[in-house]
Amino acid sequence: MAANVPRMITLALALAASLALSDVPAAGSGSLLDQSQALRAETRLLAAEGDWAGAAEANAGALALQPGHFGLLTNAVALAANGGDLDGALDALEALIQAGFSLDLAAARGLEAALEEHAPSRLAALRERMAQNLQPVGRAERYLSVPLPDALVETFAVDVDAERLYLGTVADASIYAVRLDDPRNPERLAGPEDGMGSVFGMALDGRNRLLYAATARTALTPEGLPGERETALIAFDLFTGEISARHTMPGAGRFSDVVVQDGIVYASDSVEGRIYTLTAPRNTLEIYAEDSRFASLQGLALAQGALWVVDYATGLWRIDPVSREASRVEVLEGSLIGFDGLTTDSYGELYGVRNGVQPHGVFHIALEPWGGGARVRPVLTGHRDFDEPTTARVSDGRLFVLANAQWELFPEDGSQPQRERRDPVVLHMPVP
């Protein structure tokens, strides 16, 4: 077994390092992600020196900062095994399974055989649970498919009253209206010529008949945008069909999502670690909350009298409605790492979209009172249309999810994708 140890640990640490890249963009040095990355570097250094106990301690510190991180959970298995603690390796494997994941033990040479010899019955039970984690969950049907394979559709909004769905795109920085009775002929409502940036979040304000779009510039954004219009919260008037307002914030990084309730708008900033609010259509944006611990804020939702936001790298946060202070929600079951979209149903139940680690899909986030904890359970995984789902919305008793953003097929250097892009697909299912 000793001859196989370096190969085993190299595999696990390389996996954690690659997942670290998926956590970006990161904020300043105070973010939990930055602290975790420093501990990851220490883990790799200590492991290279053969200090398995020290490496395991550093990895545990990183895992405390990013609970449920698949790469760090994998490291815990390999580090314990390399240190000769096979019971600890099995405990770490059980924690990984409890988070909802599975591990290819055969890929780490020597590990599977060692665990098989040490505790065959326990390993067999863990194998069965890993197989269960890989099974598809839930059923959803195609709601529509739109012929925009090269647009990179990242987000959408549902307008049941008008029988329309609105799509926001990154690669052509546009908003499209899709009639439900004619989804193959989307109508372009606004684009770069109107000063649009890439669209990362959208929300419908039914009270004021406005469509809000969170926009920003990336390497994929079309050239020629006026500089002052790169990062903005844009209000689109659904009566006139025109952009009615453009809200900006000095020092904003990248608006990533938006949610509206009772005419009040909230928008997240994935770079600067902030959440902004707009209290009325003609008011100005204000900072609602900010925290140096944030790394990459994404989806927003309002439930239980508070604002909730998922951080791609560190999990779910509750923003207190009075103090506006952020507190991270403890994960009691499952994992909240790698979540992108967030939505809520009419009963205040949270649902999130995960695409940072397999299995991709939609998950129910069952909250304890006052954000005292969360249990994360899959409601839709393994669907044939999933190819990096990003956004979910609940409307008319149904959950809608954008199934296939396909970011990997849009290389930032402009090179050709490795496979053919598919038309974006929106799925729907009854709210569980």
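Overview of the structure. (Residues numbered from 1 in each chain as written. Predicted model: local features only at pLDDT ≥ 70, side-chain atom pairs only at ≥ 80, totals over all residues. Heavy atoms only, no water.)

### A look at the overall build of the protein chain
Assigned secondary structure in the protein chain consists of 7 helices and 25 strands. Against the globule reference of 22 Å for 432 residues, the protein chain gives a C-alpha radius of gyration of 22 Å, in line with a compact fold. Along the three orthogonal principal directions, the C-alpha set of the protein chain runs to about 70 × 45 × 40 Å. Every one of the 432 residues in the protein chain was classed for burial, and the buried ones make up 54%. Here the analysis covers contacts within the protein chain between residues at least 6 apart in sequence; of these, 55% occur between residues at least 24 apart. (Helix = DSSP H or I, 4+ residues; strand = E, 2+ residues; numbered from the N terminus. Rg over C-alpha atoms; globule rule 2.2 N^0.38 Å. Buried < 20%, exposed > 50% of the residue type's maximum accessible area, 1.4 Å probe, protein only. Contact = heavy atoms within 4.5 Å.)

### What to know about the nonpolar core
Grouped together as the largest cluster of nonpolar side chains are 28 residues, with contacts concentrated most on Val-77, Leu-93, Phe-101, Leu-103, Leu-105, Leu-111 and Leu-115. Contributing elements (two or more residues each) for this core: helix H3 (52-65), helix H4 (70-82), helix H5 (86-98), helix H6 (111-118) and helix H7 (120-134). Setting aside residues no more than four positions away along its own chain, Leu-105 makes contact with Leu-93, Leu-111, Glu-112, Leu-123 and Met-130. (Core = buried A, V, L, I, M, F, W, Y, C linked by side-chain atoms within 4.5 Å.)

### Re the sheet that holds strand E25 (residues 425-430)
The strands making up a sheet associate through hydrogen bonds between their backbones, and the pairing can be parallel or antiparallel. Across the sheet, which stays open at both edges, the 4 strands sit in the order E1-E25-E24-E23 with antiparallel pairing between neighbours. Among the strands making up the open sheet, the edge pair consists of strand E1 (141-145) and strand E23 (392-395). If you compare each strand with its neighbour and ignore which way they point, the axes differ by 25° on average. As judged from the 5 bridges shared by strand E24 (residues 398-402) and E25, these two strands associate in the antiparallel manner. Bridge pairing in E25 places Leu-399 opposite Met-429. (Pairing = 2+ DSSP bridges. Axes fitted to C-alpha atoms, helices over the stretch in contact; angles between N-to-C directions.)

### Quick word on H6
Here H6 has its buried residues at Leu-111, Ala-114 and Leu-115. Angular distribution of buried residues about the axis of H6 spans 95°; they occupy a single face of the element. Facing away from the buried side of H6, by more than 90 degrees, are the exposed residues Ala-113 and Glu-117. (Arc of directions from axis to C-beta.)

### What about the packing of aromatic side chains?
Taken as a whole and assessed by the stated rule, the structure comprises 7 aromatic pairs. Aromatic pair Tyr-266 and Tyr-288: ring centres 5.2 Å apart, planes at 80°, arrangement edge-to-face. Taken together, the residues span a long stretch of sequence, with Tyr-266 in strand E11 (residues 264-269) and Tyr-288 in strand E13 (residues 286-290) at a distance of 22 residues. With respect to class, Tyr-266 is no different from Tyr-288; both count as buried. Arranged with centres 5.6 Å apart and planes meeting at 65°, the rings of Phe-339 and Phe-363 form a pair that is edge-to-face. (Phe/Tyr/Trp six-rings, centres within 6.5 Å; stacked < 30°, edge-to-face > 60°.)

### Examining the sheet that holds strand E10 (residues 255-261)
Read across the sheet, 4 strands follow the order E10-E11-E12-E13 without closing on themselves; strand pairing throughout is antiparallel. With partners counted over all chains shown, the strands left at the sheet margins are E10 and E13, one partner each. Within the sheet, the average angular offset between the axes of one strand and its neighbour, ignoring direction, is 25°. Strand direction decides the pairing type here: strand E12 (residues 274-278) and E13, joined by 4 bridges, are antiparallel. Bridge pairing links Tyr-276 to Ile-287 in E13.

### Some details on the packing of H5 against H7
Taken N-terminus to C-terminus, the directions of H5 and H7 make an angle of 20°; their axes are 10 Å apart at the nearest point. As far as their axial angle goes, H7 and H5 are roughly parallel. With respect to the hand of their crossing, H5 and H7 are arranged in left-handed fashion. Contacts from Asp-87, Leu-90, Asp-91, Leu-93, Glu-94, Ile-97 and Gln-98 in H5 reach Arg-122, Leu-123, Leu-126, Arg-129, Met-130 and Asn-133 in H7. Looking at the contact of H5 with H7 residue by residue, the classes come out as 6 nonpolar, 2 polar and 5 charged. (Parallel < 35°, antiparallel > 145°, perpendicular 65-115°, else oblique. Left-handed = near helix turned anticlockwise from the far one by under 90°. Nonpolar A, V, L, I, M, F, W, Y, C, P; charged D, E, K, R; others polar.)

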